[in-house]
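So the chains spell out like this:
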Amino acid sequence: MEPDRLKKSRFLSYVLRHDPDKIGIRLDRGGWVLIEDLVSRSRAAGVSLSEELIREIVRTCDKQRYAISPDGKRIRANQGHSVRVDLGLTAMEPPTVLYHGTATRFLDSILADGLRPGSRIHVHLSADIPTAMKVGSRHGKGVVLAVDSKAMCDQGHEFFVSENGVWLTHHVPQQFLAIVRGEDSGASRAEKE
Ligand code: HQG
């Protein structure tokens, strides 16, 4: 993505997930905001975003981070919020194993406390190892953890899947985690540590 578009996409993600107040917009309960309000408030805050550009960013976003409402008037982020929104997702049965990518420097803490959502509403999980590795590498030297989602489900933990295919849950206790060894990448074998 060209630098200006990337900057604007990041701006969108920031206001729609984390800080709508920054430009004086209000997300509704479901996280939606009128596109015309977003355009006018962004302009007032010095960021030039047209409706056309917003729709193009939504359409071309590699990770499908945003959704446009069926009436075409509103936009929201599909996942990743730290502001309290109710995405209206229904609990679903996940695949038997899911993956979480993180940085090696977080491992000790994660293996002691489990996976916590931190500033976000949910812990984010990936359906495959390469995707998880990409997510983890954003934070440093990447490492992938396998999550025994089947056992978690059996014990009553709820899972949700966002519109763009990211699996979400509220907390993953450490007993459901296993490190995926480097040589396993691409395979599904995980080893308990
Ligand atoms: C770590 C991106 C210490 C966790 C991605 C992660 C994702 C702990 C970091 C989405 C911990 C939080 C979310 C514990 C978890 N002790 N560290 N107990 N529990 N952590 O960015 O999952 O590109 O909030 O492992 O693709 O990296 O923005 O979460 O490393 O879907 O659309 O705390 O963001 O999507 O980092 O990423 P983040 P994440 P977008």
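Residues numbered from 1 in each chain as written. Predicted model: local features only at pLDDT ≥ 70, side-chain atom pairs only at ≥ 80, totals over all residues. Heavy atoms only, no water.

Novice: How should the sheet that holds strand β4 (residues 98-103) be read in this particular structure?
Specialist: With antiparallel pairing, the 3 strands of this open sheet are ordered in space as β4-β6-β9. The open sheet is flanked by β4 and β9 (177-180), the only strands paired with a single partner. Looking at each pair of strands side by side, their axes are set apart by 35° on average, direction ignored. Bridge analysis of β4 against strand β6 (residues 142-147) gives 6 bridges, and the strand direction is antiparallel. By the bridge assignment for β6, Gly101 is matched with Val144. On the sheet, helix α5 (residues 129-137) packs against β4, β6 and β9 and is oriented at approximately 25° with respect to β4. (Pairing = 2+ DSSP bridges. Helix = DSSP H or I, 4+ residues; strand = E, 2+ residues; numbered from the N terminus. Axes fitted to C-alpha atoms, helices over the stretch in contact; angles between N-to-C directions. Contact = heavy atoms within 4.5 Å.)

Novice: How should I be thinking about the packing of helix α2 (residues 35-44) against helix α3 (residues 51-60) in this particular structure?
Specialist: The description of two packed helices rests on the angle between their axes and on the distance between the axes. It is the contact of α2 with α3, at a shortest axis distance of 10 Å, that shows an interaxial angle of 115°. Looking at the two axes, α2 sits roughly perpendicular to α3. The element α2 and its partner α3 pack so that their crossing is right-handed. Contacts between α2 and α3 involve Ile35, Glu36, Leu38 and Val39 from the former and Glu51, Ile54 and Arg55 from the latter. Residues that form the contact of α2 with α3 fall into these classes: 4 nonpolar, no polar and 3 charged. (Parallel < 35°, antiparallel > 145°, perpendicular 65-115°, else oblique. Left-handed = near helix turned anticlockwise from the far one by under 90°. Nonpolar A, V, L, I, M, F, W, Y, C, P; charged D, E, K, R; others polar.)

Novice: I keep staring at unusual backbone geometry and nothing clicks. Help me out?
Specialist: Most peptide bonds take the trans configuration, and most residues that are not glycine carry a negative phi. Not every positive phi belongs to a glycine, and Gln64 is a case in point at roughly 50°. Relative to the elements of secondary structure, Gln64 occurs in the loop between α3 and β2 (66-68). The class for Gln64 is partly exposed, based on a relative accessible area of 38%. (Buried < 20%, exposed > 50% of the residue type's maximum accessible area, 1.4 Å probe, protein only.)

Novice: Can you help me understand the site of the ligand in this one?
Specialist: Close contacts around the ligand come from 18 residues, with Lys63, His100, Thr102, Ser109 and Arg120 the closest. Residue Arg116 places a main-chain N or O atom 3.0 Å away from a nitrogen atom belonging to the ligand. Here an oxygen atom of the ligand sits 2.6 Å away from a polar atom, N or O, in the side chain of Arg120. Coverage of the ligand by the protein amounts to 84% of the 790 Å² it exposes when considered alone. Residue assignment for the shell around the ligand shows that the elements contributing at least two residues are β4 and α4 (107-113). Residue classes in the shell around the ligand are distributed as 4 nonpolar, 7 polar and 7 charged. (Near = heavy atom within 4 Å. Polar contact = N/O pair within 3.5 Å; in protein donor to acceptor, adjacent residues only side chain to side chain. Areas by Shrake-Rupley, 256 points an atom, 1.4 Å probe, with all protein chains shown as cover.)

Novice: Got a minute to help me understand α2 in this structure?
Specialist: An α-helical segment advances 3.6 residues per turn. Residues three or four places apart therefore align on the same side. Regarding α2, the residues found buried are Ile35, Leu38, Val39 and Ser42. End-on, the buried residues of α2 take up no more than an arc of 100°, which puts them together on one face. Opposite the buried face of α2, at more than 90 degrees from it, the exposed residues are Glu36 and Ala44. Where the residues of α2 are buried, they touch α1 (3-17), β1 (33-34), α3, β2 and β3 (74-77). Downstream of α2 by one or two residues, Gly46 has phi in the positive range, about 90°. (Arc of directions from axis to C-beta.)

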